[in-house]
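Now for the letters of each chain:
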Amino acid sequence: MLRLTNTLTGEQEPFVPQDKQTVRMYTCGPTVYDFVHIGNLRTYVFEDILRRHLASKWTIKHVMNITDIDDKIIKRSIETGKDIKSYSAPYSAAFFEDCEKLKIQKPEIITPATEHIPEMIDLINRLLESGYAYREGDSIYYRISRFPNYGRLSKLDRRELKIGARIDADEYEKEEPRDFVLWKAPKDPREPRWEAPFGEGRPGWHLECSAMAMKHLGETLDIHCGGVDNIFPHHENEIAQSEAATGRPFVRFWIHGEHLLVEGEKMAKSKGNFFTLRDLLEKGYEPLEIRYLLVSVRYRKQLNFTFDGLREARAALDRIKEFLFRLTTAKVKAGSNPKVASALSRAREEFEAALDDDLNTSAALAAVFVLIGECNIVLSAGELQEDNRAEILKWFKVIDQRLAIIPPMEQLVQSDQEVEALIARRNEARRNRDFATSDRIRQELLDRGVLIEDTREGTRWRRK
RNA sequence: GGCGCCGUACCCAAGUGGUAAGGGAGAGGUCUGCAAAACCUUUAUGCAUCGGUUCGAAUCCGAUCGGCGCCUCCA
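Residues numbered from 1 in each chain as written. Chains lettered and ligands numbered in written order. Predicted model: local features only at pLDDT ≥ 70, side-chain atom pairs only at ≥ 80, totals over all residues. Heavy atoms only, no water.

Examining the sheet that holds strand β13 (residues 265–266)
Taken in spatial order, the 3 strands make up an open sheet running β13-β12-β14, and their pairing is mixed. This sheet does not close on itself; its edge strands, each paired only once, are β13 and β14 (303–305). Relative to β13, strand β12 (residues 260–262) runs antiparallel, the two sharing 2 bridges. Within the sheet, the bridge partner assigned to Val262 lies in β13 and is Glu265. (Pairing = 2+ DSSP bridges. Helix = DSSP H or I, 4+ residues; strand = E, 2+ residues; numbered from the N terminus.)

Some points on the domain arrangement of chain A
Segmentation of chain A into domains returns domain 1 (3–257), domain 2 (277–412) and domain 3 (415–463). One C-alpha centre belongs to domain 2, the other to domain 3; they are set 28 Å apart. Between domain 2 and domain 3, the residue contacts involve 9 residues of the former and 6 residues of the latter. When the two sides are added together, the surface that domain 2 and domain 3 hide from each other amounts to roughly 740 Å², 42% of it contributed by carbon and sulfur. At the junction of domain 2 and domain 3, the tally comes to 0 salt bridges. Counting every contact that joins domain 2 to domain 3 gives 0 residue pairs in polar contact (both at pLDDT 80 or more). (Domains from an automatic or database assignment. Contact = heavy atoms within 4.5 Å. Buried area = accessible area lost by both parts, 1.4 Å probe. Salt bridge = Lys/Arg side-chain N within 4 Å of Asp/Glu carboxyl O. Polar contact = N/O pair within 3.5 Å; in protein donor to acceptor, adjacent residues only side chain to side chain.)

Concerning the sheet that holds strand β3 (residues 22–27)
A sheet is described by the order of its strands in space; here 5 strands give the open sequence β5-β4-β3-β10-β11, paired in parallel fashion. The sheet terminates laterally at β5 (109–112) and β11 (251–257), the two strands that pair on one side only. Pairs of neighbouring strands in the sheet enclose a mean axial angle of 20°, with direction left out of account. Those strands touched by helix α3 (residues 84–101) are β4 (59–66) and β5, and its axis lies near 145° from that of β4. (Axes fitted to C-alpha atoms, helices over the stretch in contact; angles between N-to-C directions.)

Right under this line is the structure:
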C-alpha cells in the first residue's frame, strides 16, 4: 500500500489511481531561459523516483510542461536579438540532456506552452463567461474574491495574503492586488503575442499548467508535483483557475519536493554557490554520484548539498560496485543457500515497504546495504551458491529500475588480454619473489586505471 | 508580522509510543611479500534544551533555544 504526503491535507494518505489502473500525473517542468540548476534537478529526480515506483504498480500517464514563454525568456530574447523559440530551444535541449545524464525518465507527454495557446484562450473564455475573470485595461485577471477556497493548499487566509503581497500599483490596475493575470497585453512592440477574442497578448504563467494538464489528463488529476516554492502562488492559482472552470476537484494528491540547500544556504548566484549539472561534471563528479546523493535523502526533507556529500556518495557507490564485482567473479557451487535466500527476500520486502512509505529512499538504500553486508560474510565463507547469485543479480536489476543508482557492471568484468598478460607477468614475478618487478607492474596497471586485488582465489582486477 | 518544515554519533541519514537502520570517516583485525584495494569488527545508556503525559518517549503535549523555507519570479 503506497502512502504519499498530500500537501492538501498535510498528511500521508494511501494512494490508488482514481480509475485503479492508470496514474494521471502532472509535474511542473522547467522555464527554459537558462540551464537548470542542481536544485531544479533534485525535484526532477524526486519526481522520477515517484514515477518509477508508480510504474511498478500501475500504468502511468505523466505530463510535464516546458515553459517556453515568460518574462525572462522575452527579456533575454530581445536582448540577444533572437525570437523566443530560437532563444529557448537550446536550453530546452540542454534540459533533456541533463535529465538523460541523471537517468531521469521522459514523461509520456511533454507540453511546450507555446503549442497550447488555443487551450489557454479557451480556458480564459470559460472564466470570463462565468465571472471568475475580468478585463482591466487590455489584460485579463482572475477574480480571487469569487473563489472561496482560495488559500486552501497554501494555508494562507485572505487577510494575510493582503498583508504579504507586494502591490504592483504602477503596472497593473487590478480590482484587488492579489488577483493574478491570465492574459497579458503587450507593453513592448517587440514582445511576442497571440490573437485572442479578448485582444492580442500572451498567457500568464499559471494558466498554462491548468490548460495543458486538463487537456491531456482530464479535469481531475491523480497527482500534481512540483517544488515547495510552487505551492504559493503557482499551484494555488492553478487550483483556482481549474476548479472555477470545471466545478470539480483539480488534483487529488499534491506532492511537493523540498528544496536543496548548498552548504546549508539557499542556492543563489550572488552567493557563488549556484551549480548546474554541467558545473559539477566539469569539476569531475560523475552523474551517478550526483543522482545517488539526490536520491539518498527523502524528497520532503531539505537536502544539504555539499562536496563532502558527493564524495560520500561516490564511496557508497563503490561499495555497491565492489559487491557486484565480488559476487560476479566469485567461484560458487550449484544450489541455493537458504540463509542467503531468506536474507534476500527480507531485503526485497523492506525495500518495497520503504518506497511505499512515502518514498523513503534512505530506508530503501539501507535495505540494500544490509543485504550486501550479509552476503559479503557468506561470500567470505565461500557459502554463497549459484542460485543465490542469480537471484541477487536479478534483484539488483530491479533496484536499478526503481532508483537507477546501480553502477554498470559491463566494464568492470570485461576481459582485456593485455591486462591479463601483465597480471600474469606480475604473478610470475611474485612467485620468484621479485617484488620490485611485481610492484612496478602493479603501478603500471594503476596508471592505466586498472586496480589489482590479490585474493585467496587469485588476482582479480577492475577498472577504477 | 503570518504560515510551514527541521534539529538523531565526527559528517550524511532512517526510525513518529516498546528500548537507537544504513552510508561515509576514524580505530582495531583478516587477507597479502607488502599494500593503496577488499572484507570483518567496532564507534550515541543517547536522539537541541527544560518540563509534562505514560508501565514505557527520539517518538505524544507545552515552553525555550537554534537552523531553513514560503508569504514577490523561483524546483
